[in-house]
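Here is how the chains run, residue by residue.
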Amino acid sequence: MAISYSWNVSTVDTYPTHNSQSDVVYNVHWRLTATDDANNDADGNNWTADVYGSQAVDTSDLSSFTAFADLTASNVQGWVEAALGADKVTAMKASLDANIAAKIT
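Residues numbered from 1 in each chain as written. Predicted model: local features only at pLDDT ≥ 70, side-chain atom pairs only at ≥ 80, totals over all residues. Heavy atoms only, no water.

## Notes on the packing of aromatic side chains
Any two aromatic rings considered together are summarised by their centre-to-centre distance and by the angle between their planes.
Here is step 1 of the chain: Tallied over the full model, the rule gives two aromatic pairs.
Here is step 2 of the chain: Directly above the ring of Tyr5 sits Lys93, whose terminal nitrogen or CZ lies 4.9 Å from the centroid. (Phe/Tyr/Trp six-rings, centres within 6.5 Å; stacked < 30°, edge-to-face > 60°. Lys NZ or Arg CZ within 6 Å of the ring centre and 35° of its normal.)

In structure tokens:
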């Protein structure tokens, strides 16, 4: 099973102004999708599984603030993964792998 993972972090909540900055992201709604690139269902589609949630973003220190217009999905994904922690991200991926394996069998 060759599993790839993709994050969707395109929906965020912002404060209009916070600590003299505009459009400050304080919450990210995320989805992590796992796709099995090696196995297909009966319709020929790759098997997938996903998990979703929301993650608060620490806004107490805006010394390295990035303007909303300059944010990238990679920036936001990094915030989410850092806030969740490596162990939780690894556990979520393992759970998605198990979900796909169960669908296949």
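## Topic: the side chain of Asp36
Here is step 1 of the chain: Counting through the fold element by element, Asp36 comes out in strand β2 (residues 21-40).
Here is step 2 of the chain: A distance of 2.8 Å separates the side chain of Asp36 from the backbone nitrogen of Ala38, its partner in a polar contact. (Helix = DSSP H or I, 4+ residues; strand = E, 2+ residues; numbered from the N terminus. Polar contact = N/O pair within 3.5 Å; in protein donor to acceptor, adjacent residues only side chain to side chain.)

## Section: the pairing of strand β1 (residues 3-18)
Here is step 1 of the chain: When β1 meets β2, the two strands line up antiparallel, connected through 13 bridges. Considered in β2, the bridge of Ser6 is made with Thr33.
Here is step 2 of the chain: Linking β1 to β2, which pair antiparallel, is a turn of two residues; within it Asn19 sits at a positive phi near 50 degrees. (Pairing = 2+ DSSP bridges.)

## Considering the environment of Leu84
Here is step 1 of the chain: Mapped onto the elements of the fold, Leu84 is located in helix α1 (residues 73-84).
Here is step 2 of the chain: Residues Leu84 and Val51 lie 33 residues apart in sequence; the distance between their C-alpha atoms is 13 Å.
Here is step 3 of the chain: Sequence-distant contacts of Leu84, that is, excluding residues within four places in its chain, are made with Trp7, Trp30, Gln55, Val89 and Met92. (Contact = heavy atoms within 4.5 Å.)

## So, helix α2 (residues 86-104)
Counting along an α-helix, one turn takes 3.6 residues, and residues three or four places apart therefore face a common direction.
Here is step 1 of the chain: Relative to the 27 Å expected for 19 residues at 1.5 Å per residue, α2 spans 27 Å between its end C-alpha atoms, a close match to the ideal helical length.
Here is step 2 of the chain: Among the residues making up α2, those that are buried are Val89, Met92, Leu96 and Ile100. Projected onto a plane normal to the axis of α2, the buried residues spread over an arc of 75 degrees and lie on a single side. Summarising the geometry of α2, the exposed residues directed more than 90 degrees from the buried face are Asp87, Thr90 and Ala102.
Here is step 3 of the chain: As for α2, its buried residues are in contact with β1, β2, β3 (46-56) and α1. (Expected span 1.5 Å × (residues − 1). Buried < 20%, exposed > 50% of the residue type's maximum accessible area, 1.4 Å probe, protein only. Arc of directions from axis to C-beta.)

## Some words on the pairing of β2
Here is step 1 of the chain: Pairing geometry for β2 and β3, over ten bridges, is antiparallel. Bridge pairing in β3 links Trp30 to Gly53.
Here is step 2 of the chain: Adjacent in sequence and paired antiparallel, β2 and β3 are bridged by five residues, among which Gly44 carries a positive phi angle near 85 degrees.

## As for α1
Here is step 1 of the chain: For α1, spanning twelve residues, the distance from its first C-alpha to its last is 16 Å, which sits close to the expected 16 Å at 1.5 Å a residue.
Here is step 2 of the chain: Contact partners of the buried residues in α1: β1, β2, β3 and α2.
Here is step 3 of the chain: Backbone geometry just downstream of α1 places Gly85 in the positive-phi region, at approximately 95 degrees.

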